[in-house]
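If you want the building blocks of each chain, they are given just below.
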Amino acid sequence: MHYQIKTMMKLFSIFVVFMQIQVALSSQPIRYATEPKPIQELCKFNINPSLCVSTLNLDPRSKNSNLRELAWISIDATSNKVNKMLNYLISVSKNIKDREDLKKYKTCIDDYGTAARRFLPAALDDLKAGFFSLAKSDMESVVSIPDHCEAQFGGSSPLTGRNKATHDIANMTADIIRYLFGNN
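Residues numbered from 1 in each chain as written. Predicted model: local features only at pLDDT ≥ 70, side-chain atom pairs only at ≥ 80, totals over all residues. Heavy atoms only, no water.

For the chain, the name recorded in an unreviewed UniProt entry is Plant invertase/pectin methylesterase inhibitor superfamily protein, with Arabidopsis thaliana as its organism. The record held by UniProt for the chain lists under Sequence similarities (unreviewed entry) the comment "Belongs to the PMEI family." (UniProt positions renumbered as here; feature names shortened; annotations may be inferred.)

A. Broad picture of the overall build of the chain. For the chain, the count of helices and strands is seven helices and zero strands. Moving toward the C terminus, one meets the helices and strands of the chain in the order α-α-α-α-α-α-α. The proportion of buried residues among the 184 residues of the chain is 36%. Residue pairs in contact within the chain that sit at least 24 positions apart in sequence constitute 65% of those at least 6 positions apart. Within the structure as shown, the chain displays about 11,500 Å² of accessible surface, and the carbon and sulfur contribution to it stands at 58%. (Helix = DSSP H or I, 4+ residues; strand = E, 2+ residues; numbered from the N terminus. Buried < 20%, exposed > 50% of the residue type's maximum accessible area, 1.4 Å probe, protein only. Contact = heavy atoms within 4.5 Å. Areas by Shrake-Rupley, 256 points an atom, 1.4 Å probe, with all protein chains shown as cover.)

B. Summary view of the layout of surface pockets. By volume, the second largest pocket amounts to about 190 Å³. Forming the walls of the second largest pocket are Leu 51, Ser 54, Thr 55, Leu 58, Ala 77, Asn 80, Lys 81, Lys 84, Ala 165, Asp 168 and Ile 169. Those elements giving two or more residues to the lining of the second largest pocket turn out to be α3 (49-58), α4 (67-93) and α7 (160-181). By residue class, the composition of the lining of the second largest pocket is five nonpolar, three polar and three charged. (1 Å grid on protein atoms, 1.4 Å probe; cavity = no way out; pocket = protein on both sides within 12 Å on 5 of 7 lines; lining within 4 Å. Points joined across faces, edges and corners; volume = space filled by probe spheres on them. Nonpolar A, V, L, I, M, F, W, Y, C, P; charged D, E, K, R; others polar.)

C. Representation of α4. For α4, built from 27 residues, the straight-helix expectation of 39 Å at 1.5 Å per residue is met to within 8% by its first-to-last C-alpha distance of 39 Å. Two or three places before Arg 68, at the opening of α4, Asn 66 has a side-chain oxygen 3.1 Å from that residue's backbone nitrogen. (Expected span 1.5 Å × (residues − 1). Polar contact = N/O pair within 3.5 Å; in protein donor to acceptor, adjacent residues only side chain to side chain.)

D. Summary view of the state of the cysteines. If you walk through the whole model with that rule in mind, you get two disulfides. With a sulfur-sulfur separation of 2.0 Å, Cys 43 is cross-linked through a disulfide to Cys 52. Taking the sign of the S-S torsion, -70° for the link of Cys 43 and Cys 52, the bridge is left-handed. Through a disulfide, Cys 108 is tied to Cys 149; the S-S separation comes to 2.1 Å. Of note, the bridge from Cys 108 to Cys 149 carries an S-S torsion of about 100° and is right-handed in sense. Note that Cys 108 is positioned in helix α5 (residues 99-129) and Cys 149 in helix α6 (residues 132-151), a separation of 41 residues in sequence. (Disulfide = S-S within 2.5 Å.)

E. Structural context of the environment of Ile 177. Relative to the helices and strands, Ile 177 is located in helix α7. When its relative accessible area of 1% is taken as the criterion, Ile 177 is described as buried. Separated by 105 residues in the primary sequence, Ile 177 and Trp 72 have C-alpha atoms spaced 9.5 Å apart. Among residues more than four places away in sequence, those in contact with Ile 177 are Ile 75, Phe 132, Ala 135, Lys 136, Met 139 and Gly 182.

F. Region of interest: the packing of aromatic side chains. Applying the stated criterion across every chain, the model contains two aromatic pairs. Consider the rings of Tyr 105 and Phe 153, whose centres lie 5.4 Å apart with planes at 85°: the pair is edge-to-face. Of this pair, Tyr 105 sits in helix α5 while Phe 153 is found in the loop between α6 and α7, placing the two residues 48 residues apart along the sequence. Taking 3.9 Å as the distance between ring centres and 5° as the angle between the ring planes, the aromatic pair formed by Phe 132 and Phe 181 counts as stacked. (Phe/Tyr/Trp six-rings, centres within 6.5 Å; stacked < 30°, edge-to-face > 60°.)

G. Quick peek at the environment of Tyr 88. For Tyr 88, the location among the structural elements is in helix α4. Taking C-alpha positions, Tyr 88 is 9.3 Å from Ile 109, a pair spaced 21 residues apart along the chain. For Tyr 88, the residues in contact, after removing those within four places along its chain, are Leu 159 and Arg 162.

What follows is the structure in structure tokens.
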């Protein structure tokens with residue numbers, strides 16, 4: 001009988017410890033299970049919600065950012081993608097011998113260069129200054145650039161995946177601006 005009581009006490013102790021662990025775990029905030037509220041609000045109705053959430057969560061600044069700052073971060077992310085594409089195009093074009101192919105790449109380089117040097121800095125400046133219609137227009141120009149580059153190849157582009165990725169992030173950013181600032 002004494003043995004049974006000791007066994008029951010051990011089981012009860014294990015049960016109590018288990019319950020304490022459960023209570024402790026349930027009272028702790030769950031980190032990274034959900035994105036911060038501003039990101040949820042901003043990305044919920046975005047044209048590409050999963051890309052929106054993942055892009056904004058990648059930037060450590062977004063953790064404590066308001067909605068307008070998240071739009072700035074999105075423009076920065078788009079700028080990074082455009083610059084990577086531009087650098088890729090320049091790198092690849094150095095090895096192209098065919099004159100027609102080189103012309104296609106040159107058009108893409110010019111377009112992406114315009115996005116990197118003109119439209120994206122202007123979108124950020126316009127957004128910060130409160131010129132929301134201009135920021136939206138600048139971003140819509142960026143959205144069209146990958147499509148124009150893709151069209152150079154007449155449907156059989158070696159850049160399709162990269163152009164799509166750049167288009168998607170630019171479109172996501174344009175949608176953020178449209179969502180936040182409407183037709184102002």
